[in-house]
Amino acid sequence: MKRFSACCFTSRISKFHSHWKHNQSQSQIMAGNISGPSGSKAANILLNHDFSSGLNYWHLNCCTGYVISAETGVNYAVITNRKECWQGLEQDITDRIAIGSTYTVSACVGVSGLSQGSSDVLATLKLEYRDSATSYLFIGRTSVNKDSWEKLEGTFSLSTMPNRAVFYLEGPAPGVDLLIRSVEINCSTPNNNTTSTGCVSTGDDNIIINPQFDDGLNNWSGRGCKIILHDSMNDGKIVPKSGKFFASATERTQNWNGIQQEITGRVQRKLAYEVTALVRIFGNNVSTADVRATLWVQTPDLREQYIGIANVQATDKDWVTMQGKFLLNGSPSKVVLYLEGPPPGTDILLNTLILKHAAKTPPSTPPDVKNVAFGVNIIENSNLADGTNGWFPLGNCTLSVKTGSPHIIPPMARDSLGPHELLSGHYILVTNRTQTWMGPAQIITDKVKLFMTYQVSAWVRIGSGSAGPQNVNVALGVDNQWVNGGQTEVSDDMWHEIGGSFRIEKQPSKVMVYVQGPASGVDLMVAGLQIFPVDRHARFRYLKIQTDKIRKGDVILKFSGLDSGSYANTSVQVRQTQNDFPIGSCISRTNIDNEDFVNFIVKHFNWAVFGNELKWYWTEPQQGNFNYKDADDLLSLCQKHKIQTRGHCIFWEVDGTVQQWVKSLNKNDLMAAVQNRLNGLLTRYKGKFSHYDVNNEMLHGSFYRDRLGKDIRANMFKTANQLDPSATLFVNDYHVEDGCDTRSCPDKYIHHILDLQEQGAPVGGIGIQGHIDSPLGPIVCSSLDKLGILGLPIWFTELDVSSINEYVRADDLEVMLREAMAHPAVEGIMLWGFWELFMSRDNSHLVNAEGDINEAGKRFLALKQEWLSHSRGHVDEQGQYNFRGFHGTYNVQVVTPSKKISKTFVLDKGDSPLVVSIDL
């Protein structure tokens, strides 16, 4: 029997058709008396076994297929266009089977297109081993007549674990369609070694064995420490919250010591799992401590991974619930779930632990924007025409109204509001301030609408007597939680603009806005405070026009070899195959074990940056112990698919990111280590990374400058440029674009870059990370305009947005992408990931954990399509066809009365039209 090769696999896409080619014969089949596979108490290890989710989780082998819902409400798959008898339907079950267990297979199958007689349908298991040839295990066979359903049954058991096990159905002759109504694979006799392997559960069953310690400590062990079973502790003051028992991890000498259970063979790749645990701490005079759930994973090539699942602030007073999720991208050889975290000497107590396949999050609904008065200020008596009515002093400060403030609206608000009446010129003077948080305040609880994005705008000034620059902040107290509405730094007696934004996503009981910040004893002045909801879509129309101006070029297709009488009968169709504007994403080594992740990257991004794998703490965690393999693997993938890469980062200036061994070095040894890092990294990867972030977040940290002097920063750039002149060297920092951090406002970033350049640093690009909340176009654009004066390319290097509502998250992302595309100084955008459970921020993903594209992801893909130009028409009287399109790669097809010609061309940036000559 001929076997298929790996190149035959099609992509994992369900095909749904309004296709009734088989309608008549299949309706007759469905009326038959053969029942489907019999039920079993054991869990079916196949996913989507009844095709209720189309062909999701199934793969087609060099053929096509779709799912039909019959009148009875039962779904069945039709596998068609079969050219070989082995072509059929398969599912990878590697992570759901275990050696020593016996599995029972039962399937309900049929055929269509059989002219006479019967045809065999076979169930087969393909087994791939790393160091030996692929083998095929026959499971069962049944003979199927036309217009009937038959039951196919069989069993199998494995004595050795393959690297990959694929179950598939095959068998009918070429040209005969294979019909599959339902398939089950049940674990009928689990092996006895259930501690490490066993039948994998894909349903609601708890994967943890002995989760409440009813069977003592069986299946549990200590991770570097001792574990003890209890029914009570501390003279009866600690008792279980659930069940009769709990366990303690005691005699802990390291933070990572704790209680663990091996779950190898009980979880499968590419499925999301949720962990829920009841925990507390005891002993060593520690009242609160962080308890973490961690997954230790060993891959077949012996790589180790530590996956953080959940953490909670546990106490010694009561049990607390810890919850989190995880997903395995690859096929592990060993998986252990354990608890860790508290300081040595403090016991971790565990009452119960549940591990289940995570339920899918219900889709969001668009927020209700009816009756929203966009652009209308919700602050009462903002112009102070009625004195301080509506305002109150926060703290025992004094409020009074004075005149002499600006009459014009601050620029960022003016960009949102358009033409607007002048301000009154009145301001609130705040005196007798004895704390930094004292200032004017209002309650706005009933005026704020959930999921609306609000812009904050005000003029502020400080009185004399300050010892230095002062931060002034518009803040919101949302149920006693501080929310940043915007900040500015004031060091003179001038009026300064504050611009910011905020959004509230959970119903609060109280919302207070107040202005605060200067040191005690410093008077504060506030004028024209406005808070208003913004219709962010209204600005998109303007941004589209700007984008067309700067991201498109004119093209003239000039035809020769055709008589003028044929022009009108010659059609032209132009399709852009790729926009050359860089849009990339962060990726990690674990991600690329998931083929669905890789497919998304390759299809939708043309740049990539590594999340951690190039950072110094990753490549040299201990002095002289190097790990470049992960970065090499990622770089190899990118090179294979012609994806350009950014090098992030050579150094990281923030103290908390520096390895302990680096911190322990004296000045001379640290200088030598820095030089070795530069030499090792840039020599190894010379010419392979287009960009480098040289010293990350210099506006927020000073580890190297404090120890090696001010010159070290410029010297890092100089040395990097000498070692790899082809790479563009970037500064990179956060909160540059959002108005909420005075340490990294555009003015300070500009000063920082100019200072580096004055010292001879070859700064070639400006990185704005873009970890932003509730973005507003005018605020982002204002920052870009300021930075644009430097004439350097600006990249958003780590863009992510966060909202629990997918539609709002989509709006946030669209704001940032459109602002970037519409600004001439921006030359690239890097997303800081896109796949759930592999993001640095919650509620920021575009693709759900198991591969479903959410509303934010759909918006992203829609924008990518919008930024492709297509055109069609006929050759004009001058023998030309003119159009305007986005820069990038195009394919043109020309159809004359006698021939069809295809040509590819690239439209680059430039002031002059591109002329493409086509000889017909």
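Keep in mind that this is a model prediction, so the values were computed, not measured. (Residues numbered from 1 in each chain as written. Predicted model: local features only at pLDDT ≥ 70, side-chain atom pairs only at ≥ 80, totals over all residues. Heavy atoms only, no water.)

Enquirer: Would you mind showing me how to read the overall build of the protein chain here?
Expert: Secondary structure assignment for the protein chain yields 14 helices and 46 strands. By the compact-globule yardstick of 29 Å for 920 residues, the protein chain fits well, its C-alpha radius of gyration being 32 Å. Per-residue burial for the protein chain yields a buried fraction of 55% across its 920 residues. Pairs at least 24 apart in sequence give 77% of the contacts found in the protein chain among residues at least 6 apart. Across the protein chain, 85 positive and 93 negative side-chain charges occur, with their mean positions spaced 3 Å apart. (Helix = DSSP H or I, 4+ residues; strand = E, 2+ residues; numbered from the N terminus. Rg over C-alpha atoms; globule rule 2.2 N^0.38 Å. Buried < 20%, exposed > 50% of the residue type's maximum accessible area, 1.4 Å probe, protein only. Contact = heavy atoms within 4.5 Å. Lys, Arg positive; Asp, Glu negative; His and termini not counted. Charge placed at Lys NZ, Arg CZ, Asp CG, Glu CD.)

Enquirer: Would you mind going over the sheet that holds strand 20 (residues 347-357) with me for this structure?
Expert: With antiparallel pairing, five strands are arranged side by side in an open sheet as 12-13-20-15-18. The open sheet is flanked by strand 12 (226-230) and strand 18 (320-327), the only strands paired with a single partner. On average, each strand axis in the sheet is inclined to that of its neighbour by 35°, with strand direction left out of account. Judged from the five bridges that link them, strand 12 and strand 13 (residues 246-250) form a sheet pairing that is antiparallel. What sits directly across from H230, in strand 13, is F246. (Pairing = 2+ DSSP bridges. Axes fitted to C-alpha atoms, helices over the stretch in contact; angles between N-to-C directions.)

Enquirer: Just checking my understanding: could you explain the environment of T276 for this structure?
Expert: Within the fold, T276 resides in strand 15 (residues 272-282). Residue T276 is classed as partly exposed on the basis of its relative accessible area of 22%. The spatial distance from the C-alpha of T276 to the C-alpha of M322 is 5.6 Å, given a sequence separation of 46 residues. Side chain to side chain, T276 and Q323 meet in a polar contact 3.3 Å long. (Polar contact = N/O pair within 3.5 Å; in protein donor to acceptor, adjacent residues only side chain to side chain.)

Enquirer: Please explain the sheet that holds strand 42 (residues 870-874) as it appears in this structure.
Expert: Note on sheets: strands pair through backbone hydrogen bonds, and any given pair is parallel or antiparallel. The strand order across the open sheet formed by four strands is 42-32-44-45, and the pairing between neighbours is antiparallel. The open sheet terminates on both sides in strands that have one partner only, identified here as strand 42 and strand 45 (900-907). Across the sheet, the mean angle separating the axes of adjacent strands is 15° when strand polarity is ignored.

Enquirer: Please explain empty space enclosed by the protein as it appears in this structure.
Expert: Scanning the entire structure with this criterion turns up five cavities of 30 Å³ or more. Lining of the largest cavity is provided by K615, W616, Y617, C649, I650, F651, W652, T657, V658, Q659 and Y704. For the lining of the largest cavity, the secondary structure elements donating two or more residues are helix 5 (616-619) and strand 35 (644-652). The biggest single contributor to the lining of the largest cavity is strand 35, with four residues. Taken together, the residues of the lining of the largest cavity break down into eight nonpolar, two polar and one charged. In this structure, the second largest cavity occupies an estimated 50 Å³ of space. Tallied by class, the residues present in the lining of the second largest cavity amount to six nonpolar, two polar and one charged. (1 Å grid on protein atoms, 1.4 Å probe; cavity = no way out; pocket = protein on both sides within 12 Å on 5 of 7 lines; lining within 4 Å. Points joined across faces, edges and corners; volume = space filled by probe spheres on them. Nonpolar A, V, L, I, M, F, W, Y, C, P; charged D, E, K, R; others polar.)

Enquirer: Just to check I follow, could you spell out the pattern of salt bridges for this structure?
Expert: Close approach of charged atoms lets side chains of opposite charge pair. In total, this model carries 39 salt bridges according to the counting rule given. Between R141 and D120 there is a salt bridge, with the nearest N and O atoms lying 3.5 Å from each other. Of this pair, R141 sits in strand 7 (residues 132-145) while D120 sits in strand 6 (residues 118-129), placing them 21 residues apart in sequence. A salt bridge links R818 to E866; its shortest N-O distance comes to 2.8 Å. Here the residue R818 occupies a position in helix 13 (residues 806-822), and E866 occupies one in helix 14 (residues 855-866), the gap between them amounting to 48 residues. (Salt bridge = Lys/Arg side-chain N within 4 Å of Asp/Glu carboxyl O.)

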